[in-house]
Amino acid sequence: MSIQDNLLNIRNNINDITSRHGRDPKDVTLIAVTKTVDTDDINKAINFGITDIGENKVQEIEAKYSKVETSVKWHMIGHLQSNKVKYMIEKVDLIHSLDRMSLAKEIQKRANEHNIIVDTLIQVNVAEEESKFGLRYDEVLDFIEKIIKFENIRIKGLMTIAPYTDEPEEVRFVFKQLRNLFDEISLKNYKNVDMKYLSMGMTNDYQIALEEGANMIRIGTGIFGKRIYKED
Ligand SMILES: *Cc1c(COP(=O)(O)O)cnc(C)c1O
């Protein structure tokens, strides 16, 4: 299947699911995850209507940044080392992986230097997998209450990566829990917090995530095919 066919297929699924749930498909942001994908294919996807792309490595953002159509929004979806923040802070539109105080402090410092406000999502490790980054569910409120005083950081929502499974129905509870937390935080009306995005769902499980209220889905393989990892 071509990139164009894949995108059509995903868009049809988004339309079906949102209409079944009385939602507007336009409220769902489809992020094309472009890690390992070359810039020709990225630009192809942009020509087929992709407005948002996601990368998980700062080096890849730097390498591709000037070769990709300038209209696109960049999402940092991977684990972010504090010492890399300075290289990407002005390039990225949304950081999905804010998961610790040391990183928040570094983002605050660099954002303040550039006199910008940085939009972030809090990454939550709902299923408490050892191999994954993110705050535990029960740490999130405390964390938010500590970083709302950071003037240059805006919290825009939550992100999670569900455990990989052949049977995506098994991870529905992950999406349900994150949705509940999202609603709980929204009701608190914190300053500097604007609960707008619920980033959950990948190729394997995005349809379940959408049913549970995701409004940002991150799809790589389902658009570009299987990833080929090259040696660095
Ligand atoms: C790679 C990646 C994705 C996309 O995964 P696919 O299964 O290829 O759709 C989504 N989110 C994050 C954080 C990723 O690292």
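Preceding block: the structure.
Here we summarise the structure given alongside this text. (Residues numbered from 1 in each chain as written. Predicted model: local features only at pLDDT ≥ 70, side-chain atom pairs only at ≥ 80, totals over all residues. Heavy atoms only, no water.)

This brings us to helix α6 (residues 140-147). Listing the buried residues of α6 in full gives V140, F143, I144 and I147. All buried residues of α6 lie within an arc of 100 degrees about the axis, which places them on one face of the element. Looking at the buried positions of α6, the neighbouring elements they touch are β4 (94-98), α5 (101-114), β5 (118-123), β6 (153-159), α7 (172-188) and β7 (193-199). (Buried < 20%, exposed > 50% of the residue type's maximum accessible area, 1.4 Å probe, protein only. Helix = DSSP H or I, 4+ residues; strand = E, 2+ residues; numbered from the N terminus. Arc of directions from axis to C-beta. Contact = heavy atoms within 4.5 Å.)

So, about the pattern of salt bridges. According to the stated counting rule, one finds 18 salt bridges in the structure shown. As a salt-bridge pair, K44 and D41 come within 3.4 Å of each other at their nearest N and O atoms. A residue pair is termed a helical-turn pair when its members lie 3 or 4 positions apart in one helix, as K44 and D41 do in helix α2 (residues 39-47) at three residues. Relative accessible area serves as the criterion here: at 42%, K44 is assigned to the partly exposed category. A relative accessible area of 25% means that D41 is categorised as partly exposed. R172 is paired through a salt bridge with E211; the nearest N and O atoms lie 2.7 Å apart. On the criterion of sequence distance, the pair formed by R172 in helix α7 and E211 in helix α8 (residues 206-211) is long-range, its members being 39 residues apart. With a relative accessible area of 18%, R172 lands in the buried category. (Salt bridge = Lys/Arg side-chain N within 4 Å of Asp/Glu carboxyl O.)

Now for the pairing of strand β2 (residues 52-55). The side-chain alternation of β2 yields two buried faces, one formed by D52 and G54 and the other by I53 and E55. The pairing of strand β1 (residues 29-33) with β2 spans three bridges and is parallel. Across the sheet, residue A32 finds its bridge partner in β2, namely I53. Since β1 and β2 lie parallel, the crossover through α2 that links them has a hand, and here it is right-handed. Of the strand pairs in this sheet, β2 and strand β3 (residues 73-76) are connected by four bridges, and their pairing is parallel. When the sheet's bridge partners are listed, E55 is paired in β3 with M76. Between the parallel elements β2 and β3, the chain passes through helix α3 (residues 58-64) in a crossover that is right-handed. (Pairing = 2+ DSSP bridges. Right-handed = clockwise from strand over helix to strand, strands pointing away.)

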